[in-house]
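The lines below spell out each chain.
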Amino acid sequence: MSTADNNCDCDCFDEGDWVECKLNTDFFGIVVGESDFGRFYTVQLAGSMEPKLFYAVTLRHMDRPATGAAGAKLPIDDGNVVDFTKERELRKDTTTRGAA
């Protein structure tokens, strides 16, 4: 989700800011709180309701992700997507594309 020209070195974020983790850009979301005078930030991860605590220096601002009717879309590698809502027959020779 990171943009190549996004070199934010901010260590101060406001509630409602879109941020991503510098260590793993698959983790991104909205700042919903802070503690210890901005040393730690609580981020609600996109695609879930789960809040996670991040150390300030591990975060950077990001462009607001494109949203559709379902809200923020998580980055998906179309070559390795398994739909767990559909029944699949599993055998020794069945390919699960890395899901099992």
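Each remark here, short or long, concerns the structure printed above.
Undergrad: How should the packing of aromatic side chains be read in this particular structure?
TA: Note on aromatic pairs: each is described by the distance of the centres and the angle between the planes. One pass over the structure, following the stated rule, counts two aromatic pairs. Pairing Phe 40 with Tyr 55 gives two aromatic rings, centres 5.2 Å apart and planes at 70°, and the pair type is edge-to-face. Here Phe 40, found in strand 3 (residues 40-45), pairs with Tyr 55, found in strand 4 (residues 51-55); they are 15 residues apart in sequence, far enough to count as distant. When its relative accessible area of 26% is taken as the criterion, Phe 40 is described as partly exposed.

Undergrad: Can you help me understand the sheet that holds strand 3 in this one?
TA: Pairing between the strands of a sheet is mediated by backbone hydrogen bonds and can be parallel or antiparallel. Ordered by their spatial adjacency, five strands build an open sheet running 4-3-2-1-5, and the pairing between neighbours is antiparallel. The open sheet has two edge strands, strand 4 and strand 5 (59-61), and neither has a second partner. Adjacent strand axes in the sheet meet at a mean angle of 50°, parallel and antiparallel pairs treated alike. Alignment of strand 1 (residues 18-21) against strand 5, held across three bridges, turns out to be antiparallel. Among the inter-strand pairings, Val 19 is bridged to a residue of strand 5, identified as His 61.

Undergrad: Help me out: how do you make sense of the pairing of strand 4 in this one?
TA: Two faces make up the sheet, and in a regular strand the side chains alternate between them. Examined bridge by bridge, strand 3 and strand 4 share five bridges and lie antiparallel to one another. Counterpart to Val 43 in the pairing with strand 4 is Lys 52. Two successive antiparallel strands, strand 3 and strand 4, enclose a turn made up of five residues, where Gly 47 displays a positive phi of approximately 85°.

Reading guide: rules and limits
- Residues numbered from 1 in each chain as written.
- Predicted model: local features only at pLDDT ≥ 70, side-chain atom pairs only at ≥ 80, totals over all residues.
- Heavy atoms only, no water.
- Phe/Tyr/Trp six-rings, centres within 6.5 Å; stacked < 30°, edge-to-face > 60°.
- Helix = DSSP H or I, 4+ residues; strand = E, 2+ residues; numbered from the N terminus.
- Buried < 20%, exposed > 50% of the residue type's maximum accessible area, 1.4 Å probe, protein only.
- Pairing = 2+ DSSP bridges.
- Axes fitted to C-alpha atoms, helices over the stretch in contact; angles between N-to-C directions.

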